[in-house]
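# A look at the structure
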Amino acid sequence: MSQQQLGRGPLRSRQPGTTPPAPDEEPVDDSPPARFVGWLGGLGCLAAGYGVFQFLFSVLPGSIEGSAARYVIAGISGLGTSVAAWLAAALLRARTAAAADPARATAVGTAAMAPGAPGPLPKVFASAYETLVDQVSVVDDPESGRLTGWPHSLGEDSPSRPTPVGTAYGLHIMLDLGVPDGRLSTGDLVDTLWRLRLPDGGWSARSQGSEARPEVTALVLGALARAGTSAERLAAEVDHCTSGFTRRLDRAGMESTHVVTTVLRGLLRAAPRSESLPVLREALADGAISDPRREHLRCWGYRLQPPYGRPSPLHTAQAVVALDRAARVLGEDGDARAARARTAREDGVRWLLSCPDAPHDTCPDLENLHEEVRRPRTDDPSRHEVLNVRHFTASWLVRALLSPGALEIARGDGLEDEWRVRLDGALAAVWAGQADGTWYWGLGAGTELRRPMWMTYQGLSALRAHAVWMYQPGG
């Protein structure tokens, strides 16, 4: 498994109005120490040492017995000055060279040995695409017709029937990667998702049976909307999703931070004018809790109603991402409910930035989580349907810290250094979890590993978001 860490070096930005040095021109350090060392370098190390020797030999007191002793003292001092000047000049040259080429200074692996070569990210994207092409499942189902997609995890026994969750995340990955060739057709994936639609409408996870669930339906609708499905075709499924997602009909879902944020993100893509969006945003904002261990900043646990559970970096990051996207679609001005959502979102960012542990690539805030969403079965309320949900925490922190509002808050509060450190740490954790463009989830205490589609999508999405955020034109 690759241990290279993306983004471990400090983030760099150019101040507006400054002109970058030409490619063959080294930037000049004009600080007083640099000018002094440069003067010494120009004079010459030997000349500087000889000057010290002459000076000391002339001023040493005559009480020192014999001229030989004065020669030894002055000579050793002159030699030491020559060595110190040479070392200082070499250090200045190294610092200047690093400033002239930041990419070379922070590069790792092959990029460090070949200035100007591409970094490792294009190779990771290409490897991920090749894996998806190699492991796509094409099944002729007697009822649904031809299905093209993926099961829940890569590497399952084949032929594995495509699932709505696996295929939706695969479609998201294809859209992120830009579909470089025609071996995988987004049209086939879109058709498959419609074929997997349940008879009464909506979609469900493989473990949920034949009853549609809002979190899976919203996930699929978001993927279909990104792929270009018209709002008119999505409208009936959006109505089916929102009408069933109420506290009366789905209390467990409405009290789950994971479910509410998933539905909110999906509907923001598929139905940005839905009347349910302000209601879901308000429920999410009202579910924030105060954490006395972090200056009483508000954050989120795994539930939006008592008992809320412990403050959770994972669920706080999910809430920040959902509220930030809602702010761009719905706005945050005009009424008290929107203002409360803005305050909760801003507190959530501050809470993430206040992590007291270090180092931030292995701190407890980045621990992956597992939770269960338990719902009474409609056919037998005495029994429960259990949805096991696993969370790639580091990827969510990257996405939350890269949300448009997060850096604004960090700069406004003077927390830009904390923002950089925590973003670099989360990125390092995301990068360390991949091998050849896919991510692995360990099962229990054993050595068995799986490659869930959602984890690979979240890892690639986090790295892509960071690459887009950090891009600086070269001219």
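Predicted model, so just to flag it, every value in this text is computed and none were measured.

Conventions we followed
- Residues numbered from 1 in each chain as written.
- Predicted model: local features only at pLDDT ≥ 70, side-chain atom pairs only at ≥ 80, totals over all residues.
- Heavy atoms only, no water.
- Helix = DSSP H or I, 4+ residues; strand = E, 2+ residues; numbered from the N terminus.
- Buried < 20%, exposed > 50% of the residue type's maximum accessible area, 1.4 Å probe, protein only.
- Contact = heavy atoms within 4.5 Å.
- Pairing = 2+ DSSP bridges.
- Axes fitted to C-alpha atoms, helices over the stretch in contact; angles between N-to-C directions.
- 1 Å grid on protein atoms, 1.4 Å probe; cavity = no way out; pocket = protein on both sides within 12 Å on 5 of 7 lines; lining within 4 Å.
- Points joined across faces, edges and corners; volume = space filled by probe spheres on them.
- Nonpolar A, V, L, I, M, F, W, Y, C, P; charged D, E, K, R; others polar.
- Phe/Tyr/Trp six-rings, centres within 6.5 Å; stacked < 30°, edge-to-face > 60°.
- Polar contact = N/O pair within 3.5 Å; in protein donor to acceptor, adjacent residues only side chain to side chain.
- Left-handed = near helix turned anticlockwise from the far one by under 90°.
- Expected span 1.5 Å × (residues − 1).
- Disulfide = S-S within 2.5 Å.

This part covers the overall build of the chain. Along the backbone of the chain there are 19 helices and eleven strands. For the chain, buried positions account for 45% of its 475 residues. Counting only contacts in the chain whose residues sit at least 6 apart along the sequence, the fraction spanning at least 24 positions is 63%.

Another aspect to go through is the sheet that holds strand β3 (residues 153-154). Across the sheet, three strands lie side by side as β3-β11-β10; this open sheet has antiparallel pairing. Bordering the open sheet on either side are β3 and β10 (441-442), each of which pairs with just one other strand. The strands touched by helix α19 (residues 453-470) are β3, β10 and β11 (449-452); relative to β11, the strand with the most contacts, the crossing angle is about 65°.

This part covers empty space enclosed by the protein. Applying the stated criterion to the full structure yields one cavity of 30 Å³ or more. For the largest cavity, the calculated volume is near 60 Å³. Considering the residues around the largest cavity, the lining is formed by L352, C355, H360, C363, D365, L366, L397, R422 and A426. Partitioned by chemical class, the residues of the lining of the largest cavity number six nonpolar, one polar and two charged.

Turning our eyes to something else, we now look at the packing of aromatic side chains. Under the counting rule described, the total for this entry stands at four aromatic pairs. Both rings, one in Y169 and one in Y457, keep their centres 5.6 Å apart while their planes meet at 40°; by these two values the pair is tilted. Highlighted residues: Y169 in helix α7 (residues 164-177) and Y457 in helix α19, separated in sequence by 288 residues. Summarising the burial analysis for this pair, Y169 and Y457 share the class buried. On the numbers, 6.0 Å between centres and 45° between planes, the contact of W419 with W469 is tilted.

Bringing unusual backbone geometry into the picture now. Here the amide bond leading from P306 into P307 is cis, since omega sits at -5°, within 30 degrees of zero. Of the consecutive residues A358 and P359, the connecting peptide bond is found in the cis state with omega at -5°. Inspection of the secondary structure assignment puts P359 in the loop between α15 (336-353) and β6 (369-376). Unusually for a residue other than glycine, H296 sits at a positive phi of about 60°. Position of H296 relative to the elements: it lies in the loop between β4 (289-291) and β5 (297-299). A positive phi angle, near 55°, is found at D436, a position not held by glycine. Summarising the element assignment, D436 is placed in the loop between β8 (434-435) and β9 (438-439).

As for its placement among the helices and strands, S160 is situated in the loop between β3 and α7. The exposure class of S160 is buried, given its relative accessible area of 10%. Leave out the neighbours within four places in its chain, and S160 touches S137, V139 and P151.

Moving on, we come to the environment of D380. Looking at where D380 falls in the secondary structure, it is placed in the loop between β6 and β7 (384-391). A relative accessible area of 25% places D380 in the partly exposed class. Within the structure, D380 has its side chain in polar contact with the side chain of S382 (distance 2.6 Å).

Two numbers describe how helix α16 (residues 393-401) lies on helix α18 (residues 416-432): the axes approach to 8 Å, and their chain directions differ by 145°. Here the hand of the crossing between α16 and α18 comes out left-handed. The residues of α18 that touch α16, namely those facing A394, S395, L397, V398 and L401, are W419, R422, L423, A426, L427, A429 and V430. Per-class residue counts for the contact of α16 with α18 are ten nonpolar, one polar and one charged.

In this structure, the second largest pocket spans a volume of roughly 850 Å³. As for the second largest pocket, its lining consists of 37 residues, of which H152, V165, Y169, N388 and W454 are closest to the centre. Among the secondary structure elements, those contributing two or more residues to the lining of the second largest pocket are α7, α9 (214-226), α12 (257-270), α14 (313-330), β7, α16, β11 and α19. In terms of residue count, the dominant contributor to the lining of the second largest pocket is α12 (six residues). Its residues assigned to classes, the lining of the second largest pocket comprises 14 nonpolar, 14 polar and nine charged.

For α19, with 18 residues, the first-to-last C-alpha span of 26 Å sits near the 26 Å given by 1.5 Å per residue. Burial in α19 covers these residues: M453, W454, M455, T456, Y457, Q458, G459, L460, S461, A462, L463 and H466.

Taken as a whole, this structure holds zero disulfides when the rule is applied. Free of any disulfide, C363 has its nearest cysteine sulfur in C355, 3.9 Å distant.

The subject of this paragraph is α12. Here α12 spans 20 Å end to end across 14 residues, near enough to the 20 Å set by a 1.5 Å rise per residue. With 13 of its 14 residues buried, α12 lies for the most part within the structure.

Next up on the list: the packing of α16 against α19. For the pair α16 and α19, the least separation of the axes is 9 Å and the interaxial angle reads 35°. Note on packing geometry: the crossing formed by α16 with α19 is left-handed. In contact with S395, W396, V398 and R399 of α16, α19 contributes Y457, Q458, S461 and A462.

Here strand β1 (residues 137-141) shows one buried face, formed by S137, V139 and D141, and one open face, formed by V138 and D140. The pairing of β1 with strand β2 (residues 145-149) spans five bridges and is antiparallel. Across the sheet, D141 pairs through a bridge with G145, a residue of β2. What sits between β1 and β2 in their antiparallel hairpin is a turn of three residues.

As a further point, take the side chain of T438. Here T438 lies in strand β9. The exposure class assigned to T438 is buried, which follows from its relative accessible area of 2%. Look past the residues within four positions of T438 in its chain and what remains in contact with it is T131, L154, G433, R451 and T456.

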